[in-house]
Amino acid sequence: MAEFDVIVIGAGPGGYLAAERAGQAGLKALLLEKQHIGGTCLNEGCIPTKTLLRSSKLYDAALSGAPYAVHAEQVTLDHPAVVNRKRAVTASLVAGVKAGLKAAKVKTVEAPSMLKGRTAGGFEVEAAGETYVGKHLILAVGSHPVVPGIEGLSDSMKSGFVLTSTGLLEIPEVPESLCVIGGGVIGLEMATYFAAAGSKITVVEAAGKIAGSLDADATGLIMKSCEAQGMRFLMNTRAIAFREGTVTVESADGKREDIACEKALLCIGRAPNLDGYGLENLHVPTEKGAILVDDFCMTGVPGVYAVGDCNATGMLAHVAYRQAEVAVNHILGKYDPMRWACVPTLVHTEPEAAFVGLSLDEAKAQGIDAAGVKLSMNYSGLYLAENENGQGIIKAVFDRKKKTMIGALIVGGPASELITICGIMIDNELPVERMKSYVFPHPTYAEAIREAIFAAKL
Ligand SMILES: Cc1cc2nc3c(=O)[nH]c(=O)nc-3n(C[C@H](O)[C@H](O)[C@H](O)COP(=O)(O)OP(=O)(O)OC[C@H]3O[C@@H](n4cnc5c(N)ncnc54)[C@H](O)[C@@H]3O)c2cc1C
């Protein structure tokens, strides 16, 4: 029976990084993965979607070059080649992860694993016919798409009429029409690519707004841009039945419509993986369908940690990465709790949007004496030069008493890159006066952040 300091189950961002960090710190680490190293993020999530979106954004840019005095003819988007490129990008990243694990001396076993229970030596796990014992256990088993019990859905998924994002990312041909059930981040990113690739898109969203918790100004701009691409949005509307070629939807006021479509994408959310790997054998507490963790990602069973999607505290790859380090540092006896207030959220639509920290309303609801600023991204000369009729905005929220930034939202340009600057300011509670004296390079999109700082009335 092989013994380890740490056994990590699941090799997505949470798991592979936890195993690598543990190995780098000199711990004897074992990583168990049942499907593919890299998990959802590298194989069927973050990276594949962004690879597709890079192609569709280049294609769109080529088609809309006229305002920039660029006239391209016979521009095409070769979907099968895009899918092949996506596979190559993924393979390259997965190879990099494997090399990192090897360098950190992590033993990796590619097989499903089963938690067996606890013995005097630690936690027992079975994989590929072997029993392993770990002094510590890190669960990084991820999540799966939610599939509700809607009429005809199960058969439609079996026949391939309804796909999850995983299936759609591998589709060999662009469907003529695509009904996207769920206007969250995944649905919007997939819709953005397939609309550019030529699909007629209908987005069906049960809520009154798209993109979950994203600010209404941002979702308004994204929706306007998506509609200009030809997408149709059915808000406050649910899918109630599926049959080959048709999705029946019903609006909140009871109106029904049959949407004819070649394919449908089901993306109404993801749920933590709790079943099928013996979680019950360790009596790990769960709540609302997720593994309960504290600020150190430890579960209710001392020595057992849960990071990433399976604890549902963020359902984002960067949350999983950070939690991997938090858990390993706790095992190493280092004080390094998760700080929840400063986790950025992003969507790679056109325009791109990202936010971090509090909105003005959230800050006020918390009793903070807060001041908000909203500026056009055109305050950045580079944004203006590069974006004809750009509608981008930056919103920033400040704590008047502490004179620090506490929240930011950026729509337009490389918003998901820019938001890191705001996140660092917020996380470190940098005084506004200190931020004002920082020399921002010119011309850059980041100068819009500087403008927002100077515009704050504190
Ligand atoms: C289409 C799509 C786009 C996304 N885009 C973004 C994005 O742009 N930015 C972002 O931050 N997030 C994005 N996400 C979310 C992101 O992929 C997840 O938050 C992230 O992968 C979670 O990492 P994880 O390590 O917790 O789980 P996962 O990446 O899901 O990895 C879990 C791993 O555990 C393995 N496993 C499960 N059970 C067992 C077992 N019993 N034995 C062995 N192995 C097991 C699974 O096979 C899997 O490989 C996207 C997700 C999707 C689906």
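To be clear, the structure that these remarks concern was listed above.
The following refers to the structure shown. Note that this is a predicted model, so its numbers are computed, not measured. (Residues numbered from 1 in each chain as written. Predicted model: local features only at pLDDT ≥ 70, side-chain atom pairs only at ≥ 80, totals over all residues. Heavy atoms only, no water.)

Let's shift gears to the overall build of the protein. Looking only at helices and strands, the protein has 14 helices and 24 strands in total. Compactness check: the protein gives a C-alpha radius of gyration of 23 Å against a globular reference of 23 Å for 458 residues, within 12% of the reference. Counting only C-alpha atoms and orienting by the principal axes, one finds that the protein spans roughly 70 × 60 × 45 Å. The buried share among the 458 residues of the protein stands at 51%. Surface accessibility of the protein: about 20,900 Å² in total, with carbon and sulfur atoms responsible for 53%. The distance from the centre of the 42 positive side-chain charges to the centre of the 50 negative ones in the protein is 4 Å. (Helix = DSSP H or I, 4+ residues; strand = E, 2+ residues; numbered from the N terminus. Rg over C-alpha atoms; globule rule 2.2 N^0.38 Å. Buried < 20%, exposed > 50% of the residue type's maximum accessible area, 1.4 Å probe, protein only. Areas by Shrake-Rupley, 256 points an atom, 1.4 Å probe, with all protein chains shown as cover. Lys, Arg positive; Asp, Glu negative; His and termini not counted. Charge placed at Lys NZ, Arg CZ, Asp CG, Glu CD.)

What follows is about the sheet that holds strand E13 (residues 246-251). Taking strand neighbours across the sheet as the criterion, the three strands line up as E12-E13-E14 in an open arrangement whose pairing is antiparallel. For this open sheet the edge positions go to strand E12 (237-243) and strand E14 (256-260), each flanked by a neighbour on one side alone. The average undirected angle you get between the axes of adjacent strands in this sheet is 30°. Bridging between E12 and E13 involves six bridges; their strand directions are antiparallel. Its bridge partner lying in E13, arginine 243 is registered against threonine 246. (Pairing = 2+ DSSP bridges. Axes fitted to C-alpha atoms, helices over the stretch in contact; angles between N-to-C directions.)

A few words now on the nonpolar core. Counting residues in hydrophobic clusters, the biggest one holds 36 residues, and the most contacted among them are Leu168, Val180, Ile201, Ile210, Leu214, Met231 and Phe233. With six residues, helix H7 (residues 185-197) is the single largest residue contributor to this core. Apart from the residues lying within four places of it in its own chain, the contact partners of isoleucine 210 are Gly183, Leu188, Thr219, Ile222, Met223, Phe233 and Met235. Counting 33 residues, the second-largest nonpolar core is a separate cluster that includes Leu17, Leu31, Leu42 and Ala327. (Core = buried A, V, L, I, M, F, W, Y, C linked by side-chain atoms within 4.5 Å. Contact = heavy atoms within 4.5 Å.)

The next subject is the site of the ligand. Lining the immediate environment of the ligand, one finds 36 residues, of which Glu33, Thr40, Lys50, Ser113 and Asp309 sit closest. Contact between the ligand and glutamate 33: an oxygen atom at 2.6 Å from a side-chain N or O atom of the residue. At the level of elements, helix H1 (13-24), strand E2 (29-33), helix H2 (39-44), helix H3 (46-63) and helix H9 (317-331) are the ones that each hand at least two residues to the shell around the ligand. The element best represented in the shell around the ligand is H2, accounting for four residues. Its residues placed into classes, the shell around the ligand shows 16 nonpolar, 14 polar and six charged. (Near = heavy atom within 4 Å. Polar contact = N/O pair within 3.5 Å; in protein donor to acceptor, adjacent residues only side chain to side chain. Nonpolar A, V, L, I, M, F, W, Y, C, P; charged D, E, K, R; others polar.)

Turning our attention to the packing of H1 against H9. Helix packing for two helices is described by the angle between their axes and how far apart those axes are. As a packed pair, H1 and H9 sit with axes 8 Å apart at the nearest point and diverge in direction by 30°. Here H1 is positioned roughly parallel relative to H9, judged by the angle of their axes. Considering how the two elements wind past one another, H1 and H9 form a crossing that is right-handed. The segment H1 lies against H9, with Pro13, Gly14, Tyr16, Leu17, Ala18, Arg21 and Ala22 engaging Ala317, Ala320, Tyr321, Ala324, Glu325 and Val328. Tallied by class, the residues present in the contact of H1 with H9 amount to 10 nonpolar, one polar and two charged. (Parallel < 35°, antiparallel > 145°, perpendicular 65-115°, else oblique. Left-handed = near helix turned anticlockwise from the far one by under 90°.)

With that settled, the discussion passes to the sheet that holds strand E15 (residues 263-266). Taken in spatial order, the five strands line up as E8-E15-E9-E10-E11 in an open sheet, and their pairing is parallel. This sheet does not close on itself; its edge strands, each paired only once, are strand E8 (162-163) and strand E11 (232-234). Relative to strand E10 (residues 200-204), strand E9 (residues 177-181) runs parallel, the two sharing five bridges. The residue bridging valine 180 from the neighbouring strand is valine 203, located in E10. Relative to E10, H7 is tilted by about 165°, and along the sheet it contacts E9, E10, E11 and E15.

The subject of this paragraph is the side chain of serine 55. Along the polypeptide, serine 55 turns up in helix H3. With residues up to four places along the chain from it excluded, the contact list for serine 55 reads Leu77 and Val82.

Moving on: the pairing of E15. Every second residue of E15 is oriented toward a common face, with Lys263 and Leu265 on one face and Ala264 and Leu266 on the other, all of them buried. One ladder, built from two bridges, connects E8 with E15; its direction is parallel. Looking across to E15, one finds that leucine 163 is bridged to leucine 265.

Here H9 is 15 residues long and its end C-alpha atoms lie 21 Å apart, about the 21 Å a rise of 1.5 Å per residue gives. Turning to H9, its buried residues are Ala317, Val319, Ala320, Gln323, Ala324, Val326, Ala327, Val328, Asn329 and Ile331. Residues of H9 that are buried sit in contact with strand E1 (2-9), H1, H2, H3, strand E6 (130-139) and strand E19 (304-306). Positive backbone phi, approximately 85°, marks glycine 333, located one or two places after H9. (Expected span 1.5 Å × (residues − 1).)

This part covers the pattern of salt bridges. One pass over the structure, following the stated rule, counts 18 salt bridges. A salt bridge links glutamate 189 to lysine 50; its shortest N-O distance comes to 2.6 Å. Placement of the pair is glutamate 189 in helix H7 and lysine 50 in helix H3, with a sequence separation of 139 residues. A residue is classified by how much of its surface remains accessible, and lysine 50, at 25% relative accessible area, is partly exposed. (Salt bridge = Lys/Arg side-chain N within 4 Å of Asp/Glu carboxyl O.)

According to the stated counting rule, one finds six aromatic pairs in the structure shown. Look at tyrosine 193 and phenylalanine 194: their rings are 4.9 Å apart centre to centre, the planes differ by 90°, and that puts the pair in the edge-to-face class. Among the residues examined, tyrosine 193 registers a relative accessible area of 1% and is labelled buried. Their ring planes at 80° and their centres at 5.3 Å tell us that tyrosine 438 and phenylalanine 440 sit as a pair that is edge-to-face. Classification of phenylalanine 440 as buried rests on a relative accessible area of 10%. One residue, lysine 28, lies across the ring of phenylalanine 4, its end atom 4.8 Å from the ring centre. (Phe/Tyr/Trp six-rings, centres within 6.5 Å; stacked < 30°, edge-to-face > 60°. Lys NZ or Arg CZ within 6 Å of the ring centre and 35° of its normal.)

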